[in-house]
Amino acid sequence: MGPVIGVTTAHLEEEINTYPRHYYVQAIYKSGATPILIPVIPDQDAVDHYMQIVDGLILSGGTDVDPKYFGQEPIRGTGRVYPERDSLEIALARKALKLKLPVLGICRGIQVLNIAFGGDIYQDIYSQVPGVLEHSQKAPRNSSWHSIELLPESKVGRILGVKELRVNSFHHQAIRNIAPGFRVVARSRDGIIEGIETENHQFVIGVQWHPEALVEDDDIALNLFQAFIKACY
Ligand code: MN
């Protein structure tokens, strides 16, 4: 039913457990598409094969990205990393753009997208960005937390249909230098980048918040998912 959407997954070594949060599966299905989970197989043949199977890619949320992938030494404040997942997702993102597949990067996914095309991130906004707001929210996952301002003439701005929005927030890393070919389309009040997109592709969008956890009661969040699924046909 509908397009097939590949969702990247986390892998917990301790529990021998591969998973995305169920929100992703629900949000994709609710938007009229069929989710499939992409396990951590950091191998180019697997990347090529998965990108033949799917009509669109979601780079899901998760742990920190190993700083070696964006040319930095680890600072104190970097969290746990899982390099095999980083390597897989960077390869998936590159392959998806090569094939002109729609991509939605969420939280960690916006950062992976940016890194895959030559940008970098703050390893820990709390120690690296003066005056930063609290981005590790103290409210439930499906509650909004801080506001963002959207570029009205951007794709994201048009899809969401508002100039300002309150979103949820579960990150201590964020984009620092944006990759060539991408532009910033949303920021929180402290200047943290909360949304990016490309101009050269139909739908390659990254958001720092978690719309998949908001779709149940929030039509604006659902709009983003539905626009993504529509682009995957
Ligand atoms: Mn945030």
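Each chain carries its own residue numbering, running from 1 in the direction its sequence is written. Only residues with pLDDT of at least 70 get local features here, since the model is predicted, and only at 80 or more are side-chain atom pairs given and counted; chain-wide, interface and lining totals rely on the full set of residues. Only hydrogens and water are set aside when side-chain values are computed; all heavy atoms of the structure are taken into account.

Comments concerning the coordination of the manganese ion
At step 1: For Na, K and Ca the donor cutoff is 3.2 Å, while for all other metals N, O and S atoms count as donors only within 2.8 Å; water does not appear among the atoms, so some sites may look incomplete. Within the protein, H135 (ND1), H146 (NE2), S169 (OG), H171 (NE2) and E194 (OE) serve as the donor atoms for the manganese ion, at 2.2 to 2.3 Å.
At step 2: The exposure class of H171 is buried, given its relative accessible area of 5%. Three labels apply to residues, based on accessible area from a 1.4 Å probe with only protein chains included: buried if under 20% of the type maximum, exposed if over 50%, partly exposed otherwise in between.

Examining the nonpolar core
At step 1: Definition of nonpolar core: a set of buried residues of the types Ala, Val, Leu, Ile, Met, Phe, Trp, Tyr and Cys, connected through side-chain atoms within 4.5 Å. Ranked by internal contacts, the top residues of the largest apolar core, which has 32 residues, are I58 and L104.
At step 2: Secondary structure elements are defined from DSSP: runs of H or I of at least 4 residues count as helices, runs of E of at least 2 residues count as strands, and each element is numbered from the N terminus. Per-element tally for this core: the top contributor is helix α7 (residues 219-231), with seven residues.
At step 3: Contacts are residue-level and defined by heavy atoms, with any inter-residue pair within 4.5 Å sufficient. Each residue touching L104, except ones within four places of it in the same chain, is listed here: L57, I58, L59, F203, I205, L224, F225 and F228.
At step 4: Counting 30 residues, the second-largest nonpolar core is a separate cluster that includes L57, F70, I110 and V204.

Some points on the packing of helix α3 (residues 83-98) against helix α4 (residues 108-116)
At step 1: The convention used is that axes are lines fitted to C-alpha atoms, helices contributing only their stretch in contact, and that angles between N-to-C directions extend from 0 to 180 degrees. For the pair α3 and α4, interaxial distance at closest approach is 9 Å and the crossing angle is 70°. Viewed along their axes, α3 and α4 adopt a mutual orientation that is roughly perpendicular. Here α3 and α4 pass one another in a crossing that is right-handed. In this structure, α3 uses R85, D86, E89, I90, A93 and R94 to contact α4, whose residues at the interface are R108, V112, L113, I115 and A116.
At step 2: For this classification, Asp, Glu, Lys and Arg are treated as charged, while Ala, Val, Leu, Ile, Met, Phe, Trp, Tyr, Cys and Pro are nonpolar and the rest, including Gly, are polar. The residue makeup of the contact of α3 with α4, split by class, is six nonpolar, no polar and five charged. Convention used here: angles under 35 degrees read as roughly parallel, angles over 145 as roughly antiparallel, angles from 65 to 115 as roughly perpendicular, and any remaining angle as oblique. In this scheme the crossing of two helices becomes right-handed for a clockwise turn of the near helix relative to the far one and left-handed for an anticlockwise turn of less than a right angle.

Quick look at the side chain of H146
At step 1: Tracing the backbone through its elements, the reader meets H146 in strand β8 (residues 146-150).
At step 2: Since its relative accessible area comes to 5%, H146 is described here as buried.
At step 3: Not counting residues within four places of it along the chain, the set of residues in contact with H146 comprises E134, H135, L165, R166, V167, S169, H171, S188 and E194.

Details of the pairing of strand β9 (residues 164-167)
At step 1: Burial along β9 is one-sided: the residues L165 and V167 are buried and none of E164 and R166 is.
At step 2: As paired strands, β8 and β9 are joined by four bridges and run antiparallel to one another. The residue bridging H146 from the neighbouring strand is V167, located in β9. For two strands to pair, DSSP has to find at least two bridges joining them.

Examining the environment of F117
At step 1: Topologically, F117 is positioned in the loop between α4 and β7 (121-122).
At step 2: On the accessibility criterion, F117 (24% relative accessible area) is partly exposed.
At step 3: Between the alpha carbons of F117 and A179 there is a distance of 5.6 Å; along the sequence they are 62 residues apart.

As for the pairing of strand β12 (residues 193-198)
At step 1: Among the six residues that make up β12, six are buried, leaving the element largely enclosed by the rest of the structure.
At step 2: In this structure, strand β11 (residues 182-188) lies alongside β12, joined through five bridges in antiparallel fashion. Looking at the pairing, A186 lines up with G195 of β12.
At step 3: What sits between β11 and β12 in their antiparallel hairpin is a turn of four residues, with G191 showing a positive phi close to 90°.
At step 4: Pairing of β12 with strand β13 (residues 204-207), which is carried by three bridges, proceeds in the antiparallel orientation. Within the sheet, the bridge partner assigned to G195 lies in β13 and is V207.

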